[in-house]
Amino acid sequence: MTLRADAPPQTHVRRFGRTQRWVHRSTAALMGVCVATAACLYIPEFAELVGRRELVVRIHEWAGLALPAPVLAGLASRAFRADLGFLNRFGPHDRVWLRAALHRDKRRSSRPAGKFNAGQKIYAAWIAGASLAMLGTGLLMWFTHLTPIQWRTSATFVHDWLALTIGIVLAGHIGMALGDPEARRGLRTGLVSKEWADREHSLWRH
Amino acid sequence: MRSGYGNLTGTREPWSAGVRGCSNEYVNPEQPEPDGPRPQAQDRHPEAAGRPIGRRVLLGTLGLGALGVVTAPTLQRGLEAFLGSAADKDPTGLTGLLPNGGGFRYYSVASSVPHKNAANYRLRIDGLVDRPATYTLNDLRAMPQTRMVKDVQCVTGWRVPDTPFEGVRLSQLLDAAGVRAEGTAIRFSCFDGTYTESLTLDQARRADVLVALRMQDKDIGHSHGGPVRLYVAPMYFYKSAKWLSGITVTKDVQPGYWEDRGYDVDAWVGRSNGRDDDPTS
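Residues numbered from 1 in each chain as written. Chains lettered and ligands numbered in written order. Predicted model: local features only at pLDDT ≥ 70, side-chain atom pairs only at ≥ 80, totals over all residues.

Participant: Please explain the overall build of chain B as it appears in this structure.
Facilitator: In terms of helices and strands, chain B carries six helices and ten strands. Per-residue burial for chain B yields a buried fraction of 30% across its 281 residues. The contacts of chain B with a sequence gap of at least 6 include a subset with a gap of at least 24, amounting to 61%. (Helix = DSSP H or I, 4+ residues; strand = E, 2+ residues; numbered from the N terminus. Buried ≥ 20, exposed ≤ 12 C-beta atoms within 10 Å, placed from the backbone. Contact = placed C-beta atoms within 7 Å.)

Participant: What exactly am I supposed to notice about the nonpolar core here?
Facilitator: Grouped burial of nonpolar side chains is what soluble globular proteins tend to show. In terms of nonpolar packing, the biggest core is built from 47 residues, with Leu-210, Val-211, Ala-212, Val-228, Leu-230 and Leu-244 of chain B touching the most fellow members. Apart from residues no more than four positions distant in its own chain, Leu-244 of chain B is found in contact with Leu-123, Phe-188, Cys-190, Val-211, Val-228, Arg-229 and Leu-230 of chain B. If you look at the next biggest cluster of nonpolar residues, it comprises 16 residues, including Ala-38, Met-134 and Phe-157 of chain A together with Val-69 of chain B. (Core = buried A, V, L, I, M, F, W, Y, C linked by C-beta atoms within 7 Å.)

Participant: Can you help me understand the interface of chain B and chain A in this one?
Facilitator: For an interface, size is often stated in terms of accessible area lost upon the parts coming together. Across the contact, 45 residues belong to chain B and 47 residues belong to chain A. Of all the elements in the fold, those that place two or more residues in the side of chain B that touches chain A are α2 (15-20) and α3 (53-88) of chain B. Per-element accounting of the side of chain B that touches chain A gives the leading share, 16 residues, to α3 of chain B. Here the side of chain B that touches chain A is composed, by residue class, of 20 nonpolar, 19 polar and six charged. (Nonpolar A, V, L, I, M, F, W, Y, C, P; charged D, E, K, R; others polar.)

Participant: In this structure, what is going on with the sheet that holds strand β10 (residues 244-250) of chain B? I would like to understand it.
Facilitator: Sheet strands associate in pairs through backbone hydrogen bonding, adopting either a parallel or an antiparallel arrangement. Residues and elements named next belong to chain B. Judged by pairing direction, the sheet is mixed, and its five strands sit side by side in the order β2-β1-β10-β5-β6 without closing on themselves. Of all strands in the sheet, those with a lone pairing partner are β2 (133-136) and β6 (196-200), marking the two edges. Direction aside, the axes of adjacent strands within the sheet are offset by 15° on average. (Pairing = 2+ DSSP bridges. Axes fitted to C-alpha atoms, helices over the stretch in contact; angles between N-to-C directions.)

Participant: I'm lost on unusual backbone geometry in this one. Help?
Facilitator: Peptide bonds are mostly trans, and most non-glycine residues show a negative phi. Of the consecutive residues Gly-226 of chain B and Pro-227 of chain B, the connecting peptide bond is found in the cis state with omega at 10°. For Pro-227 of chain B, the location among the structural elements is in the loop between β8 (218-219) and β9 (229-232). For Arg-104 of chain A, which is not a glycine, the phi torsion comes out positive at approximately 55°. Positionally, Arg-104 of chain A belongs in the loop between α6 (92-102) and α7 (118-142). Of the residues examined, Arg-104 of chain A has 6 C-beta atoms within 10 Å and is grouped as exposed. Within the chain, Asp-162 of chain B stands out as a residue other than glycine whose phi angle is a positive 45°. Topologically, Asp-162 of chain B is positioned in strand β4 (residues 159-169). Taking the C-beta count within 10 Å as the criterion, Asp-162 of chain B has 9 such neighbours and is therefore assigned exposed.

Participant: Sorry if this is basic, but what is going on with the pairing of strand β5 (residues 185-190) of chain B here?
Facilitator: Along any regular strand, the residues point their side chains to alternate faces of the sheet. Residue and element names in this part refer to chain B. Looking at chain direction, β5 and β6 are connected through five bridges and run antiparallel. Considered in β6, the bridge of Phe-188 is made with Glu-197. Between β5 and β6, which pair antiparallel one after the other, the connecting turn spans five residues, and Gly-193 there sits at a positive phi close to 85°. In terms of strand pairing, β5 meets β10 through six bridges, oriented antiparallel. By the bridge assignment for β10, Ser-189 is matched with Gly-246.

Participant: Please clarify how the confidence of the model for chain A should be interpreted in this entry.
Facilitator: Detailed reading of the predicted coordinates is not advisable wherever pLDDT is low. The predicted model of chain A has a mean per-residue pLDDT of 89, with 95% of residues at 70 or higher. Mean pLDDT across the elements of chain A bottoms out in helix α2 (residues 44-50) of chain A (76) and peaks in helix α4 (residues 69-74) of chain A (97). (pLDDT = per-residue confidence, 0-100.)

Okay, here's the thing in structure tokens:
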């Protein structure tokens, strides 16, 4: 079979540039360190296995502190800011998508989505807010001499429960990605097939 | 940019029109376009419009977190009561993994802790004493045992109610060794090679301070600091050093591991570390 040079079929579209992929990768790595060290501090079996509590605490603290850095650095990129804009704005079609998700309606026609679907938008906003809440409570636990000790206890309470929630939501996020190789390819290479884009993100103007 | 918005700035993302609120936001579509601009620049594409709900979700989550910190004391009491009773009836042990789900947590400051048993465990008593001594596990078991049932309170907040501890009163070991007049404090060391603790002599002689061999009516397992740990009933649990291997009478109090890192040396439950828990003893 010979490829025709005069009419190359447009089979791939660009979904993410270098900045978005770099931001996602760095954030994922830092989040991974946070989760792994948290498990070693929290789950008795892992704590017994690893010990070195002070070192693990230090790594956890610094990884948490660095967690917002990739996104902040990414703000320098116009393309990244544009994607944040897409994530922020909810149109009428997002309401349709959410309603279909609630009713487990998997038909394409009832799941209209732009570059990001409504579920991805909610996830992005929630995980950003939750990470900042973890950062705030984490700082209260870290610099104990700055606040009364009751604050530290309260911050620990929120930090513990929110950590559990984030763990579950994050597992969902990773599970969704595992179920969609083309979406993973988009974040790995920046390109997705046009067919996938039209099917999954019908309103996205690529 | 203002005048030619519709056809010259095709690279601008369409959503930004809705964000800015420029005065000419809705002007361009009404003007006739001279020569075929991108048609979709004019119809209100679903992605171009929309409300900033993402930002609200983000701030809302953050706000809930802050609210959680403010209301934590109330929430925590309620949850602990609920999870405490649930943990009693939970055969799977999963509630133990929930925050404050009742039960003990394993904290070790060392990278690995050797396992000791009746064959190789030794407790050394030395320092400012007349008769330094080394006890085996069986030596300790042969001595009079004291059993106490009290709450355990950790300085990080968790509390385990009505926990039985059993062992030899520390005061008895001190009397047997004969503390010299210049000795006023005790330094405890542990076979994890890292952890240390301290008590004043008066604190150490209290009747509710044990060299504990049993906890929850079982021999103390490795993960709980076995075979022998300290049990200082009236103080936060970091004073109850795990894997106890050395008792040294000293001239002054030498702050222990966590006390070098900011915790109070006199760690009375409810009267130290800025906390107001109910006393445990």
